[in-house]
Amino acid sequence: MYELNRQKFRVEEYIHLRDAATNDEYVTDICRIVILPATYIYSARHVHEYALYAMTYVPLYGPPDLFITFTCNTTGSEINEELVDGQSSVDRHDLIARVFRQKLIKLIDIITKISIYGEVNSSMYSIEWQKGIFRMLTS
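This write-up is about the structure you can find in this document. As the structure is a computational prediction, the values presented were derived from the model and not from experiment. (Residues numbered from 1 in each chain as written. Predicted model: local features only at pLDDT ≥ 70, side-chain atom pairs only at ≥ 80, totals over all residues. Heavy atoms only, no water.)

**Observations concerning the environment of Leu66**
In step 1: Residue position: Leu66 is located in the loop between helix H3 (58-61) and helix H4 (77-80).
In step 2: The class for Leu66 is partly exposed, based on a relative accessible area of 43%.
In step 3: Between the C-alpha atoms of Leu66 and Ser123, which are 57 residues apart in sequence, the distance is 9.8 Å.
In step 4: Leaving out residues up to four positions away in the same chain, Leu66 has contacts with Ile111 and Tyr117. (Helix = DSSP H or I, 4+ residues; strand = E, 2+ residues; numbered from the N terminus. Buried < 20%, exposed > 50% of the residue type's maximum accessible area, 1.4 Å probe, protein only. Contact = heavy atoms within 4.5 Å.)

If you want it as structure tokens, here you go:
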């Protein structure tokens, strides 16, 4: 599909690719250049598109007031209580995701419905999964 519609893409906007081809001394090592479309989740074009979409709210509601980083404690009691013998939280990503989502929904409710920071005109959030570094302890 993308091969047939190359002319429709804004190829002139691939600034970083053009710079790499101009400045990189190892251009001959590049066999085939693949540029991921915005429909490919978490590609650079996808993230850029979502950032632009989020900025459309600024003229309507003003700039954002809060920027909150919210993390999940994988050693928390609500996760450890659900583990069977021999399991660690690293083995249960599904459990971590569920606990995180429940706590996130509760936080959003506190901010938007209880209005602890005042009246909420608009809200938006983004979830970013970061793979943590886990140490394996051996005895």
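Moving on from the coordinates now.
**Looking at unusual backbone geometry**
In step 1: Even without being glycine, Ser115 reaches a positive phi, approximately 60°.
In step 2: Its place among the elements puts Ser115 in the segment after helix H5 (93-112).

**Let's talk about the nonpolar core**
In step 1: One finds Ile79, Leu83, Leu95, Ile96 and Val99 forming the largest nonpolar core, which totals five residues.
In step 2: Examining the composition of this core, we find that three residues originate from one element, H5, more than from any other.
In step 3: Among residues more than four places away in sequence, those in contact with Leu83 are Ser88, Ser89, Arg92 and Leu95. (Core = buried A, V, L, I, M, F, W, Y, C linked by side-chain atoms within 4.5 Å.)

**Points about the packing of aromatic side chains**
In step 1: All told, the structure shown has three aromatic pairs when counted by the stated rule.
In step 2: Relative to Tyr57, the ring of Tyr53 lies with its centre 6.0 Å away and its plane at 80°, an arrangement referred to as edge-to-face.
In step 3: Residue Tyr57 is classed as partly exposed on the basis of its relative accessible area of 27%.
In step 4: Three or more aromatic residues joined by ring pairs form one cluster here, namely Tyr53, Tyr57 and Tyr61. (Phe/Tyr/Trp six-rings, centres within 6.5 Å; stacked < 30°, edge-to-face > 60°.)

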